[in-house]
Amino acid sequence: NLGDVVLMSPHAGSILNKIYLFCVVTLLGLSATLEACSLESYPPPPDTRIETVTDVLHGVEIPDDYRWLEEQDAPETRAWIEDQNAYAEDIIGESEIRDAFRSRLSELIDTDDIGSTRQAGDWEYFTMRRKGEEAARIYRRVASEDSEPTTEDTYEVVLDPADLDPTYRTLFSIMDFSPDGTLMMYSIRQGGADEIAVRIRNLQSGEDLPDRLADALYSGVEFDDSGTGFYYTYRSRETGPRIRHHTLGQDFSEDEEIWGEGYGPTAFIGMDIVAEGKYRIFTVQHGWARNDIFIQSGDGAVRPIVEGVSAHFQHRFRDGRIYLRTDFNAPNYRLLVVDPEMPDREAWQQLLPETDDLFESYTFIDDKIYATYLHEVANRIRVFSLDGSPSGEIEVPDNSSISISASENGKASLSVNGYLTPLTRYLLDLETGEREVSDAPEVIFDSSAYDLTKLWFTSTGGVQAPVYVMHKVGLELDGSHPTILNGYGGFNSNTKPGFSTTRLAWLEAGGVYAVATLRGGSEFGETWHQDGMLENKQHVFDDFIAAAEKLIEAGFTDPEHLAISGGSNGGLLVGSAMTQRPELFRAVLCTYPDLDMVRFYQFTETNNMPALLEYGDASIPNQFEAMRRYSPYQAIRDGVKYPAVMLTTGDLDTRVSPLQGRKMAARLQAATASGLPVVLWYDSRGGHAGGRGRPISLRIEDTVRELAFLAQQLGLGEEVN
């Protein structure tokens, strides 16, 4: 206002004008000084040399300054990783809020963890980790009428991971038991790798058999009915998956190949033996948008039930019939019935038709069908007779994830999980509707101190979706609250209500936490999924940005107090959102991420080739055009003020190549002009399998480090540096 007065004054050369100009110059100088101070408030990142490699794809030049960081085992790369970890710790440092998170998460996570029992012979087997122990052991006890072990019982240790790895970075898991209960098949996972080794233990002698599967990708590993051999599906990155049968005592080179010839590395296959061995049902999954099903009777010819149809078909065999949950001509899914002797499509019968809600799952209990539906991203359970006629509903809490399974004596087990409700299991009387808690959560907190708000945002094309917001009761909507927005959006995976101890620690510290519903998932059926895959992938990022803007519009936060977080495909999500709208966010947590989508199809050292059918393949011209527009690594521009960023990855991520996190960190550190830190935390034994193969203390410390970084940047619990 003073400037307007002076410039319009006839006395432009007067003392007043000179005072004004002095003030302007002084303020500009002060602003520059403050900006310089801000830029210098964090130490610079480690030096990273540039060696540009330029690819030409479909006539487009694509430079890459950090191709050399793709050499994971090169001495220079290893030294760079060590420097990055030191820099991350230097930036985050120790603080009161970090100590508070460490203390609270230790209370929340380090509790007794006892798995369900499995009976084999005269024994019951289970995994158990007691409070204060780093990892679970496999135990057994003499079989009893009690369904779950208690800490007062006397147990016998069957396998202790510390015997193999004192660092507790190796995980043992029970896979199967032979029919007579004398043999136990178990897996060994190193760190966070997807690959496992398979061993078979003689439970009488305590020794492993010489029959063992080396580290690789396996699924469907189980004993045959005789217990003299086992079936397994081996996934090769080069030739694709194959189902084989191994006879104990024979050389693996003699294994019979059962199924899979002709399917490449973008396919998943499986086998289900039903009707006491009368039928084999084979499945082939092509990415996350369609699958085929075949059937074989005895040693007869393999016949297709469905093949080459762009839809999902999930089978279940019961009472001589095959039930198919499918989105074929029904994007929200329906239930069909197939006669295995007459599997042709013309003979299929519809049992449960499609509805406005997503038909998510079903189970049979006492000659009734209990169908779980997803209504506006929360579960409902409807009951049907075996002929498909309606037979009531099960009352469930709002905004919850629900599952139901058979129990005994006319009762069912009902599991309830919510954003502010830890997983609780009830024993439900199906006649009276009465329920009692059968498995109470150990998490102690005052749920009445928190509210759940459900906001609806509008995105590209007028699409509407909810974002769930958790916060303390009585929160003032003044736009000042440190907020984390999380999302995923892909691979036909839904993001439903569920409890998180990490989220609780953030809420207790005074933060706000939000979870967005995004296209690419399954929350609103297959149409919703396909509207966020391949050439439509940008819609997922549009949705996430719209959810962020809705949080700001509603007064929960502002760009200076908003962080986004995501892992894997969610890492791609936050990487794309950050490079497209850097001014919208203050901080980013990007874990085990996909980031270099242009070169993704060339990362053949990972086991994620099926993802080409979800993301796209840049070697295909039209898919390349869509991918290069959103690929985060190629989207980084020099001189842009990017948010503070924390990336995490590790050597044993064999699903999402860790080279992407390394290159992204280097590129962002060189490009950003915000003065905010870009850090990389790199675990040499970390992988995509997450908490599996990690001691409890390390899991806690990793989470604490991430929360401390976000708290530091958003000003939660202490001033921002």
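In this text, all values refer to a predicted model and were calculated from it rather than measured experimentally. (Residues numbered from 1 in each chain as written. Predicted model: local features only at pLDDT ≥ 70, side-chain atom pairs only at ≥ 80, totals over all residues. Heavy atoms only, no water.)

(A) Quick peek at the overall build of the protein chain. On a plain count of helices and strands, the protein chain comes out with 13 helices and 39 strands. Radius of gyration (C-alpha) of the protein chain: 28 Å, near the 27 Å computed for a compact globule of 721 residues. Along the first, second and third principal axes, the C-alpha atoms of the protein chain reach 105 × 60 × 60 Å. Per-residue burial for the protein chain yields a buried fraction of 53% across its 721 residues. (Helix = DSSP H or I, 4+ residues; strand = E, 2+ residues; numbered from the N terminus. Rg over C-alpha atoms; globule rule 2.2 N^0.38 Å. Buried < 20%, exposed > 50% of the residue type's maximum accessible area, 1.4 Å probe, protein only.)

(B) Highlighting the nonpolar core. Ranked by internal contacts, the top residues of the largest apolar core, which has 68 residues, are Leu 485, Phe 544, Tyr 615 and Leu 647. Broken down by element, this core gets its largest block of residues, 8 residues, from helix 7 (residues 538–553). What Leu 647 contacts, discounting residues up to four positions off in sequence, is Cys 590, Pro 593, Leu 595, Gly 661, Met 664, Ala 665, Val 678, Val 679, Leu 680 and Trp 681. By size, the runner-up hydrophobic cluster in this structure holds 45 residues, among which are Tyr 468, Leu 507, Phe 709 and Leu 714. (Core = buried A, V, L, I, M, F, W, Y, C linked by side-chain atoms within 4.5 Å. Contact = heavy atoms within 4.5 Å.)

(C) Highlighting the packing of helix 4 (residues 96–109) against helix 5 (residues 501–508). Contact geometry of helix 4 with helix 5 gives a least axis separation of 10 Å together with a crossing angle of 140 degrees. In this view, helix 4 runs oblique relative to helix 5, as classed from their interaxial angle. As helix 4 runs across helix 5, the sense of the crossing is right-handed. Within the contact between the two elements, helix 4 uses Phe 101, Arg 104, Leu 105, Leu 108 and Ile 109 and helix 5 uses Thr 501, Thr 502, Leu 504, Ala 505, Trp 506 and Glu 508. (Axes fitted to C-alpha atoms, helices over the stretch in contact; angles between N-to-C directions. Parallel < 35°, antiparallel > 145°, perpendicular 65-115°, else oblique. Left-handed = near helix turned anticlockwise from the far one by under 90°.)

(D) Inspection of the pattern of salt bridges at higher detail. Taken as a whole and judged by the stated rule, the model has 51 salt bridges. Of the charged contacts, one joins Arg 318 and Asp 367 as a salt bridge, the two residues approaching to 3.9 Å between their closest N and O atoms. In this pair, Arg 318 sits in strand 20 (residues 313–318) while Asp 367 sits in the loop between strand 24 (358–365) and strand 25 (368–374), placing the two residues 49 residues apart along the sequence. One continuous salt-bridge network, built from bridges that share partners, spans Glu 89, Glu 94, Arg 98, Asp 99, Arg 102, Arg 169, Asp 683, Arg 694, Glu 701, Asp 702 and Arg 705. (Salt bridge = Lys/Arg side-chain N within 4 Å of Asp/Glu carboxyl O.)

(E) Quick look at the sheet that holds strand 17 (residues 279–286). Spatial strand order, 16-17-18-19: 4 strands in an open sheet with antiparallel pairing. The sheet is open, and its two borders are formed by strand 16 (267–274) and strand 19 (302–306), each paired with just one other strand. Recorded for the sheet is a direction-independent mean angle of 25 degrees between the axes of neighbouring strands. (Pairing = 2+ DSSP bridges.)

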